Amino acid sequence: MTVRFRPLDPLKDAELLHAWVTHPKAAFWMMQDATLEDVVREYTAFAAHPHHEAFIGLVDGTPAILMERYDPAHLELVGLYEPRPGDVGMHFLVAPTDTPVHGFTRRVITAVMTELFADPATARVVVEPDVSNKAVHALNEAVGFVPEREIQKPEKKALLSFCTREQFEAAVGAAV
């Protein structure tokens, strides 16, 4: 499986994203009722924000991943924890499919983390998934995330978790 990431284009990728974020399996993305225009507006705002980037992940050339990278000192977690230099916030979504492949999502999160740590300035990845999203907690743990505590965000109760480069390398058994 080859994974590469390209910058998301809010207009060209809107229909693709809309299908992904409104799918029932993307409930934790909290965009179930979004219109195509809502998706364009949301991702156009992300593209214009200096502390947020969104990417499409291509698996063997086919779009299959939405990855967001953000600076938690400026977005999402402001006032909810003490950011450190080199902290990078991350969200990811795997495209829905009618034919799931065993282990695919774990390979995806490993590719996402490898991509984030490919930047030498990234020291630690920060995530804040919904506390009830047990599937993503297990995935996060598999790649080295350590939960710190529950936090209350405006839209959800979240599990604040961290993964250093060293924790990731130890979890996946490879240096990045």
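Everything discussed here concerns the structure shown above.
The sections below set out a description of the structure shown in this document.

Rules used in this analysis
- Residues numbered from 1 in each chain as written.
- Predicted model: local features only at pLDDT ≥ 70, side-chain atom pairs only at ≥ 80, totals over all residues.
- Heavy atoms only, no water.
- Helix = DSSP H or I, 4+ residues; strand = E, 2+ residues; numbered from the N terminus.
- Rg over C-alpha atoms; globule rule 2.2 N^0.38 Å.
- Buried < 20%, exposed > 50% of the residue type's maximum accessible area, 1.4 Å probe, protein only.
- Lys, Arg positive; Asp, Glu negative; His and termini not counted.
- Salt bridge = Lys/Arg side-chain N within 4 Å of Asp/Glu carboxyl O.
- Contact = heavy atoms within 4.5 Å.
- Core = buried A, V, L, I, M, F, W, Y, C linked by side-chain atoms within 4.5 Å.
- Phe/Tyr/Trp six-rings, centres within 6.5 Å; stacked < 30°, edge-to-face > 60°.
- Axes fitted to C-alpha atoms, helices over the stretch in contact; angles between N-to-C directions.
- Parallel < 35°, antiparallel > 145°, perpendicular 65-115°, else oblique.
- Left-handed = near helix turned anticlockwise from the far one by under 90°.
- Pairing = 2+ DSSP bridges.
- Right-handed = clockwise from strand over helix to strand, strands pointing away.
- 1 Å grid on protein atoms, 1.4 Å probe; cavity = no way out; pocket = protein on both sides within 12 Å on 5 of 7 lines; lining within 4 Å.
- Points joined across faces, edges and corners; volume = space filled by probe spheres on them.

### What about the overall build of the chain?
Alright, step 1. In terms of regular secondary structure, the chain is built from five helices and seven strands.
Alright, step 2. Reading the helices (α) and strands (β) of the chain from amino to carboxyl end gives β-α-α-β-β-β-α-β-α-β-β-α.
Alright, step 3. Over its C-alpha atoms the chain spans a radius of gyration of 15 Å, differing by no more than 12% from the 16 Å that the globule rule assigns to 176 residues.
Alright, step 4. If one aligns the C-alpha atoms of the chain with their principal axes, the spans along those axes are about 40 × 35 × 30 Å.
Alright, step 5. Expressed as a percentage of the 176 residues in the chain, the buried residues total 44%.

### Brief notes about the side chain of Asp130
Alright, step 1. Summarising the element assignment, Asp130 is placed in the loop between β5 (124-127) and α4 (134-142).
Alright, step 2. For Asp130, which is buried and forms no salt bridge, the nearest opposite charge comes from Lys156, at a distance of 6.0 Å.
Alright, step 3. Once you skip the residues sitting within four places of it in the chain, Asp130 turns out to touch Phe28, His137, Lys156, Lys157 and Ala158.

### Some details on the nonpolar core
Nonpolar side chains tend to gather and get buried jointly when the protein is soluble and globular.
Alright, step 1. In this structure, Met90, Phe92, Val112, Met113, Leu116, Val125 and Phe145 are the most contacted members of the largest nonpolar core, which totals 25 residues.
Alright, step 2. In terms of residues, this core owes the most to one element, helix α3 (residues 104-117), which gives seven residues.
Alright, step 3. Residues in contact with Phe92, not counting those within four places in the same chain, are Trp29, Leu66, Met67, Thr105, Val108, Ile109, Val112, Val136 and Leu139.
Alright, step 4. Counting 17 residues, the second largest nonpolar core, distinct from the first, contains Trp20, Val21, Met31 and Ala54.

### Examining the packing of aromatic side chains
Alright, step 1. One pass over the structure, following the stated rule, counts three aromatic pairs.
Alright, step 2. Aromatic side chains Tyr43 and Phe46 sit 5.0 Å apart centroid to centroid with 90° between the ring planes, which places their arrangement in the edge-to-face category. You can see Tyr43 and its partner Phe46 sitting in helix α2 (residues 36-48), three residues apart, about one turn around the helix.
Alright, step 3. Summarising the aromatic geometry, the rings of Tyr81 and Phe162 are spaced 5.4 Å apart at their centres and angled 50° between planes, so their arrangement reads as tilted. Here Phe162 lies in strand β7 (residues 157-164) and Tyr81 lies in the loop between β3 (62-70) and β4 (87-94), a separation of 81 residues in the sequence.
Alright, step 4. When its relative accessible area of 9% is taken as the criterion, Tyr81 is described as buried.

### What about the packing of α3 against α4?
Alright, step 1. Two elements in contact, α3 and α4, have axes whose closest approach is 10 Å; the angle formed by their N-to-C orientations is 55°. Here α4 runs oblique to α3, going by the angle between their axes. As α3 packs across α4, the resulting crossing turns out to be right-handed. From α3, Thr105, Arg106 and Ile109 reach across to α4, where they touch Leu139, Asn140 and Ala142.

### Topic: the pairing of β5
Alright, step 1. Side chains Arg124 and Val126 project from β5 onto one buried face, and the interleaved Val125 and Val127 project onto a second face that is buried too.
Alright, step 2. Pairing geometry for β4 and β5, over three bridges, is parallel. Paired with Gly89 across the strands is Val126, a residue of β5.
Alright, step 3. Following the chain from β4 across α3 to the adjacent parallel β5, one finds a crossover that is right-handed.
Alright, step 4. Sheet analysis places β5 next to β7, joined by four bridges and oriented antiparallel. Note that in β7 the partner of Arg124 across the bridge is Thr164.

### Some points on the layout of surface pockets
Alright, step 1. For the largest pocket, the calculated volume is near 1000 Å³.
Alright, step 2. Along the wall of the largest pocket there are 40 residues; nearest its centre are Trp29, Phe92, Leu93, Val94 and Asn133.
Alright, step 3. Residue assignment for the lining of the largest pocket shows that the elements contributing at least two residues are α2, β4, α3 and α4.
Alright, step 4. For the lining of the largest pocket, the element with the most residues is β4, which contributes five residues.

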